[in-house]
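Examining the three-dimensional arrangement
Here is what each chain is made of, one letter per residue.
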Amino acid sequence: MVISQAHIPSSKMSKAGFETVGIGSNIRSTLIAAAAERRTVIGMTNAIRSLRDAPQNYIFCFIASSKQPDSGAHMQQVLLEAFCFENDIYIIKVDSATKLSRLLGSSTNIQPASCVLVQKSRVGIGVSENSNNTFSRSENLLIDHCEFYWDEPNKPVIKLPEK
């Protein structure tokens, strides 16, 4: 019997002896720090434009699951995921665009953020990929999480904290 990782609470996921504890809190810490340092790109259109110009500058792509079946938006999301995968940008799926927007302090009245890119720190740009010295503790934990699920066809959807 196979249990989908997507239905396990984000506070504790495990697979083959690997445990990810509090990954939602790590996402929160990473996003808040990156936003404070002006290293975030919010929104699908802005993300696509930024990746076109310099994909090597980004480390994470957070994608919120959509509640409304919009085939155009779905196609953009699939293409964005493929592009990120090809450019070694970690894809992290989260449960709510509204929570994602709230964490970043952006308005959810118009349209919540369905996608957020996190740029490598200014120090990390141009540094060897094998060097983890340029990443914060929460970023390193997210990298470990993403590396663990890299080859999984269906990435787990992480439940973001409410606040």
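Structure report, in brief. (Residues numbered from 1 in each chain as written. Predicted model: local features only at pLDDT ≥ 70, side-chain atom pairs only at ≥ 80, totals over all residues. Heavy atoms only, no water.)

1. Brief notes about the overall build of the chain
Broken down by element type, the chain carries five helices and seven strands. Beginning at the N terminus, the succession of helices and strands in the chain can be written as β-β-α-β-α-β-α-β-α-β-α-β. Looking at the chain residue by residue over its 163 residues, the buried ones come to 44%. Relative to all contacts within the chain whose residues are 6 or more apart in sequence, the contacts with residues 24 or more apart total 76%. By element, 51% of the accessible surface of the chain is carried by carbon and sulfur atoms, the whole surface being about 9500 Å². (Helix = DSSP H or I, 4+ residues; strand = E, 2+ residues; numbered from the N terminus. Buried < 20%, exposed > 50% of the residue type's maximum accessible area, 1.4 Å probe, protein only. Contact = heavy atoms within 4.5 Å. Areas by Shrake-Rupley, 256 points an atom, 1.4 Å probe, with all protein chains shown as cover.)

2. Focus on the sheet that holds strand β3 (residues 40–42)
Taking strand neighbours across the sheet as the criterion, the five strands line up as β3-β6-β4-β5-β7 in an open arrangement whose pairing is mixed. The two strands at the open ends of the sheet, each matched to only one other strand, are β3 and β7 (157–158). Here strand β4 (residues 58–64) pairs with strand β5 (residues 90–94) via five bridges, running parallel. The partner of Phe62 across the bridge, within β5, is Ile92. Running at roughly 35 degrees to strand β6 (residues 115–119), helix α2 (residues 44–53) makes contact with β3, β4 and β6 of the sheet. Its contacts with the sheet place helix α3 (residues 71–86) against β4, β5 and β6, and it is angled at close to 155 degrees to β4. (Pairing = 2+ DSSP bridges. Axes fitted to C-alpha atoms, helices over the stretch in contact; angles between N-to-C directions.)

3. Points about a negative patch on the surface
A grouping of Glu86, Asp88, Asp144 and Glu147 is seen on the molecular surface, where their side chains present a negatively charged patch. With respect to the element layout, Asp144 can be found in helix α5 (residues 137–148). By relative accessible area, Asp144 is classed as partly exposed at 43%. (Patch = residues over 30% accessible without salt bridge, like charges linked within 9 Å, V, L, I, M, F, W, Y side chains within 5 Å. Salt bridge = Lys/Arg side-chain N within 4 Å of Asp/Glu carboxyl O. Lys, Arg positive; Asp, Glu negative; His and termini not counted. Charge placed at Lys NZ, Arg CZ, Asp CG, Glu CD.)

4. Examining the pattern of salt bridges
Close approach of charged atoms allows side chains with opposite charge to pair. Applying the stated criterion across every chain, the model contains six salt bridges. With a closest N to O distance of 3.1 Å, Glu139 and Arg39 form a salt bridge. Of the two residues, Glu139 sits in helix α5 while Arg39 sits in the loop between α1 (23–36) and β3, which places them 100 residues apart along the sequence. Given a relative accessible area of 4%, Glu139 falls into the buried group. One salt bridge in this structure joins Lys99 and Asp95, with 2.9 Å as the shortest N-O distance.

5. A look at the nonpolar core
Counting residues in each nonpolar core, the largest one holds 25 residues, and the members touching the most others are Ile27, Leu31, Phe60, Phe62, Ile92, Val94 and Leu100. If you list the elements that add at least two residues to this core, you get α1, β4, β5, α4 (97–104), β6 and α5. Look past the residues within four positions of Ile92 in its chain and what remains in contact with it is Ile27, Phe60, Cys61, Phe62, Ile63, Leu142, Cys146 and Ile158. Judged by nonpolar contacts, the second largest core, of 13 residues, contains Ala47, Leu51, Ile63 and Ile91. (Core = buried A, V, L, I, M, F, W, Y, C linked by side-chain atoms within 4.5 Å.)

6. Side note on the packing of α1 against α5
Where α1 contacts α5, the axes come no closer than 9 Å and their chain directions differ by 130 degrees. Classified by the angle their axes make, α1 and α5 are oblique. In this structure, α1 meets α5 at a crossing whose hand is left-handed. For the pair α1 and α5, the contacting residues are Ile23, Asn26, Ile27, Ser29 and Thr30 in the first and Ser138, Glu139, Leu141, Leu142 and His145 in the second. Here the residues of the contact of α1 with α5 sort into four nonpolar, five polar and one charged. (Parallel < 35°, antiparallel > 145°, perpendicular 65-115°, else oblique. Left-handed = near helix turned anticlockwise from the far one by under 90°. Nonpolar A, V, L, I, M, F, W, Y, C, P; charged D, E, K, R; others polar.)

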